[in-house]
Amino acid sequence: MSEEERNRFVHKPSLVSRLEYLIASHLSWHPHLFSAIKLFVLTPLFAYVLMHTQEIDHAQPLLASLFGLFCLFDYLDGIVAREKGLESSFGKLFDRFTDYPILLLISWFAVGEIPAYLIITKVAVDLTLFIQFLWLKGTTENRIRTTLSYTALLGMLAASQQWTEAWFKPEYVEWILYINILFSLLVILHNFKLFQKRFIADAISGVNLLCGIGSIYFAYKGALPMSLLLLLLGGLFDGLDGAAARKWGGTRWGVYSDDVADAVNYGIAPGFALYFSLGGDLTAAIVGVFYSFFTLSRLVYFTLNKTNADPAYFAGVPSTAGGLIVLASLILFHDTPVLIGLMVGIAAILMVSFDTHYKHLGRAFASGKRRYRFGLPLYGLALILGAPLWGIEVSVALLLVLILLYGFLPFILHFKHALASKNT
């Protein structure tokens, strides 16, 4: 087992490993060639189009395509080097260096749309990581950090070009930058050995909490899609803090920090979203408090029962699913309060159905079973592509259908078993 595999706290599914091996085996290019194309072909083309957007027809799709190709070549460079045993100190340095010209380009053009202090902090943090990369011989490599960084860069590019206001408003990008910068700072502190591994889970819970606070803020602003996105992102970090705690241990405050983050993300944030979206009156407050009460009750029960619970299952639908049902319903049924109330009731009932057991989807995916290995990534891809291709409501509707199927599946299976027993 390689050092990278020993240090990884998020399990890479075998399907992904096999896919990367298959891709690398069909590519005859040396990884240095991918890096060279990034630096000497894609970056100059990207810079030219960025500086001449007014004169070039279809400049925006071209910019998006060039950025996508840059990310793809960065990914291919890494997997070819790893799978073919071609990793070298120069190759790692060259690959890492090619990322910085495009960072500086996008940052320069984002000035005026994004606060300068955020852009300067982003650049400074990334340059610090590059220095650590040189000093510590590549130990700052991290796929989660890279994904967050590219997401922030895409947001900065979109803000600089004023793309699709419904998705890429500057304030949305600012929040993504905060999360990216915070996570990168944690990596920096860890690499300087100022941040012990047992604190990593608590720190990720802090990022989860930040997502919850952001979800409340955007619900207040009426930006429910962004509020939902931060809830989903919080769910990702919620899974990561558990993985980090299992891998490296935690502190005595770890359970409490995780519980506080979950309470804000899935109990308080959706409750505020209900209050703001339903008019901010007494009725809206009652509905919001009702939902938050049931969610917090479910979290308290989960904490008290954690030692006796099967880690592969949840007693009652997880609070993450309840929060997503509420936010998705507010987006889809904003003109039909009755349906919103129905969904709030369904979410509350499912969360406190403690005698009903639900599979832990993260651990089910890591188990390698075929239906999870293929089904969950395909559904996730449909959710991601649904918004730009068919509209945000289609993507949100797909998410809501998935969660409701997950919530009602145990009841459907109980009925099926009862009918089968009667017929026999």
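What counts as what
Residues numbered from 1 in each chain as written. Predicted model: local features only at pLDDT ≥ 70, side-chain atom pairs only at ≥ 80, totals over all residues. Heavy atoms only, no water. Helix = DSSP H or I, 4+ residues; strand = E, 2+ residues; numbered from the N terminus. Buried < 20%, exposed > 50% of the residue type's maximum accessible area, 1.4 Å probe, protein only. Contact = heavy atoms within 4.5 Å. Areas by Shrake-Rupley, 256 points an atom, 1.4 Å probe, with all protein chains shown as cover. Core = buried A, V, L, I, M, F, W, Y, C linked by side-chain atoms within 4.5 Å. Axes fitted to C-alpha atoms, helices over the stretch in contact; angles between N-to-C directions. Parallel < 35°, antiparallel > 145°, perpendicular 65-115°, else oblique. Nonpolar A, V, L, I, M, F, W, Y, C, P; charged D, E, K, R; others polar. Salt bridge = Lys/Arg side-chain N within 4 Å of Asp/Glu carboxyl O. Expected span 1.5 Å × (residues − 1). Patch = residues over 30% accessible without salt bridge, like charges linked within 9 Å, V, L, I, M, F, W, Y side chains within 5 Å. Phe/Tyr/Trp six-rings, centres within 6.5 Å; stacked < 30°, edge-to-face > 60°.

Asker: Sorry, what's going on with the overall build of the protein chain here?
Answerer: Tallying secondary structure elements over the protein chain gives 18 helices and two strands in all. Within the protein chain, the proportion of its 424 residues that are buried is 43%. Nonlocal contacts in the protein chain, meaning residues at least 24 apart in sequence, comprise 78% of its contacts between residues at least 6 apart. Just so you have it, the protein chain exposes about 21,800 Å², and 69% of that area is on carbon and sulfur atoms.

Asker: Got a minute to help me understand the nonpolar core in this structure?
Answerer: Nonpolar side chains in soluble globular proteins tend to be buried together. If you look at the biggest cluster of nonpolar residues, it comprises 63 residues, and the most contacted ones within it are F46, F67, I106, I114, M156, I179 and F237. Mapped by element, the contributors of at least two residues to this core are α3 (31-51), α4 (59-83), α6 (99-110), α7 (116-135), α8 (143-161), α9 (170-191), α10 (200-220) and α11 (224-248). Ranked by the residues each element gives to this core, the list is headed by α9, at eleven residues. Sequence-distant contacts of M156, that is, excluding residues within four places in its chain, are made with I106, S107, A110, I119, V173 and L177. One finds L330, M343, A347 and L404 within the second-largest nonpolar core, a separate group that totals 33 residues.

Asker: I keep staring at the packing of helix α5 (residues 89-97) against α7 and nothing clicks. Help me out?
Answerer: The angle between the axes and the distance between the axes are what describe a pair of packed helices. Here α5 crosses α7 at 175°, and the two axes come no closer than 11 Å. One way to sum up the angle between α5 and α7 is to call them roughly antiparallel. The residues of α7 that touch α5, namely those facing K92, L93, R96 and F97, are L129, F130, F133 and L134. Looking at the contact of α5 with α7 residue by residue, the class counts come to six nonpolar, no polar and two charged.

Asker: Before we go on, may I ask you to explain the packing of α3 against α6 in this structure?
Answerer: The N-to-C vectors of α3 and α6 enclose an angle of 10°; their axes lie 10 Å apart at closest approach. Considered as vectors, α3 and α6 are oriented roughly parallel to each other. Counting all contacts with α3, which are made through K38, L39, T43, F46, A47, L50 and M51, the residues of α6 involved are D99, P101, I102, L105, I106 and F109. By residue class, the composition of the contact of α3 with α6 is ten nonpolar, one polar and two charged.

Asker: Sorry if this is basic, but what is going on with the pattern of salt bridges here?
Answerer: Opposite charge on two side chains lets them pair, provided their charged atoms get close. Taken as a whole and assessed by the stated rule, the structure comprises four salt bridges. Among the salt bridges present, the one from K38 reaches D74, with a minimum N-O distance of 2.7 Å. One end of the pair, K38, is in helix α3; the other, D74, is in helix α4, and 36 residues separate them in sequence. Side by side, K38 and D74 carry an identical accessibility label, which is buried.

Asker: Would you take a moment to explain the side chain of S215 for this structure?
Answerer: Within the fold, S215 resides in helix α10. In contact with S215, other than residues within four places in its own chain, are S227, L230, L231 and A269.

Asker: What exactly am I supposed to notice about α8 here?
Answerer: Each full turn of the α-helix corresponds to 3.6 residues, which orients residues three or four apart in the same direction. An ideal rise of 1.5 Å per residue puts 27 Å on 19 residues; α8 measures up with 27 Å between its terminal C-alpha atoms. Positioned one or two residues after α8, Q162 has a phi angle of 55°, which is positive.

Asker: Can you help me understand the environment of R246 in this one?
Answerer: Within the secondary structure, R246 sits in helix α11. Looking at R246, the relative accessible area reads 55%, which means it is exposed.

Asker: Would you take a moment to explain the side chain of D126 for this structure?
Answerer: The residue D126 is located in helix α7 in this model. According to the relative accessible area criterion, D126 is buried, its value standing at 6%. Leaving out residues up to four positions away in the same chain, D126 has contacts with Y100, L103 and S149.

Asker: Explain the environment of I119 here, please?
Answerer: If you trace the backbone, I119 turns up in helix α7. With relative accessibility at 5%, the residue I119 sits in the buried group.

Asker: Teacher, can you tell me more about a nonpolar patch on the surface here?
Answerer: Side chains of F408, L409, I412 and L413 sit close together on the surface and give an oily, nonpolar patch of about 360 Å² of accessible area. With respect to the secondary-structure elements, F408 resides in helix α18 (residues 392-423).

Asker: Mind showing me how you'd approach the packing of aromatic side chains here?
Answerer: Note on aromatic pairs: each is described by the distance of the centres and the angle between the planes. All chains considered together, the criterion is met by 20 aromatic pairs. Their ring planes at 85° and their centres at 5.2 Å tell us that Y172 and F218 sit as a pair that is edge-to-face. Of the two residues, Y172 sits in helix α9 while F218 sits in helix α10, which places them 46 residues apart along the sequence. Comparing Y172 with F218 shows no difference in burial state: the two are buried. Among the aromatic side chains, those forming a connected cluster through ring pairs are Y172, W175, Y178, Y217 and F218.

Asker: When you look at the environment of L76 in this model, what are you seeing that I'm missing?
Answerer: Mapped onto the elements of the fold, L76 is located in helix α4. According to the relative accessible area criterion, L76 is buried, its value standing at 13%. Distance in space between the C-alpha atoms of L76 and W29 is 9.9 Å, their sequence separation being 47 residues. In contact with L76, other than residues within four places in its own chain, are I23, L27 and F34.

Asker: When you look at unusual backbone geometry in this model, what are you seeing that I'm missing?
Answerer: If a residue is not glycine, its phi is most likely negative; likewise, a peptide bond is most likely trans. Positive phi is not limited to glycine here, since H58 has a value of about 55°. Mapping H58 onto the fold places it in the loop between α3 and α4. Its relative accessible area of 66% is what places H58 among the exposed residues.

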